[in-house]
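Descriptive analysis of the structure
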Amino acid sequence: MAIEIGLRGHSETLVEQEDTAKSVGSGDLLVYATPCMAALMEGAACESIAPYLAEGETSVGVSLQLFHTAATPVGMEVRAESVVTAVDGKKITFTVTAYDEAGEIGHAQHERVIVKAERFLEKTYDKL
């Protein structure tokens, strides 16, 4: 099976104290942190294409243009929904939208590249 435009994915979580800007160091308020929303968005995209990868392959995020447009309090559910918008060889582009129980809280354009996991790790750890 091939990764095709229109392929959808999702991820969700409950906002906990450790997911706040104050806890992760990206601000000083007890609201859902932008870095946590970024991870949720990447997770939705990553999981959507995982079943289509060959054995030994994975995908890595290479860009994320993110807009965090509304704050979410601790205790509220959040979800991210991804859609593949382009496939260019091993580069996959997504639009991702994040929501809490009250509505949209952010959106992003995200790119991932398919890599051989073992080779990627070897190159990374050769830096040591």
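Every chain's residues receive numbers from 1 upward, in the order its sequence appears when written. Local features in this predicted model are restricted to residues of pLDDT 70 or higher, and side-chain atom pairs are both shown and tallied only at a pLDDT of 80 or more, whereas totals for entire chains, interfaces and linings draw on every residue. To obtain the side-chain values, all non-hydrogen atoms of the structure were used and water was disregarded.

**Things to note about the side chain of Ser59**
Note the following rule: Strands here mean DSSP runs of E at least two residues long; helices mean DSSP runs of H or I at least four residues long; both are numbered from the N terminus. Here the term buried applies to any residue with accessible area under 20% of the maximum for its type, exposed to any over 50%, and partly exposed to those in between, with areas from a 1.4 Å probe on protein chains only. Polar contact is the term for a pair of N or O atoms within 3.5 Å; when the atoms are in protein, one must be able to donate a hydrogen and the other to accept it, and sequence-neighboring residues count only if both atoms are side-chain atoms. Contacts are assigned to residue pairs that have any heavy atoms within 4.5 Å of one another.
With respect to the helices and strands, Ser59 occurs in strand E2 (residues 57-68). Classification of Ser59 as buried rests on a relative accessible area of 6%. Of note is the side chain of Ser59, whose polar atom sits 2.8 Å from the side chain of Arg112. When neighbours within four sequence positions are excluded, Ser59 is seen to be in contact with Cys46, Ile49, Leu53, Arg112, Val113 and Ile114.

**Things to note about the pairing of strand E4 (residues 91-100)**
Each regular strand shows side chains that alternate between the opposite faces of the sheet. What counts, and what does not: At least two bridges found by DSSP between two strands are what make those strands a pair.
Taken across its 10 residues, E4 has 7 buried, putting it largely inside the fold. Note: strand E3 (residues 77-88) against E4, 10 bridges, orientation antiparallel. Note on E4: the bridge partner recorded for Val83 is Thr95. Connecting E3 to the next strand, E4, in antiparallel fashion are 2 residues, including Gly89 with a positive phi near 65°. Taking the residues that link successive antiparallel strands as the turn, the E4-strand E5 (residues 103-116) hairpin has 2 residues.

**A short note on the sheet that holds E2**
Short version of the rule: For every element, the axis is a line fit to its C-alpha atoms; helices are fit only across the contacting stretch, and the angle between N-to-C directions ranges from 0 to 180 degrees.
Strand order in this open sheet of 5 strands is E1-E3-E4-E5-E2, and the pairing throughout is antiparallel. In this open sheet, the two edge strands, each paired with only one partner strand, are strand E1 (8-14) and E2. Strand-to-strand, the axes of this sheet are offset by a mean angle of 25°, without reference to chain direction. Pairing geometry for E2 and E5, over 11 bridges, is antiparallel. Bridge pairing in E5 places His68 opposite Gly106. Relative to the sheet, helix H2 (residues 34-49) contacts E1, E2, E3, E4 and E5, its axis offset from that of E2 by approximately 140°. The strands that helix H3 (residues 117-125) touches are E2 and E5; relative to E5, the one it contacts most, it runs at about 90°.

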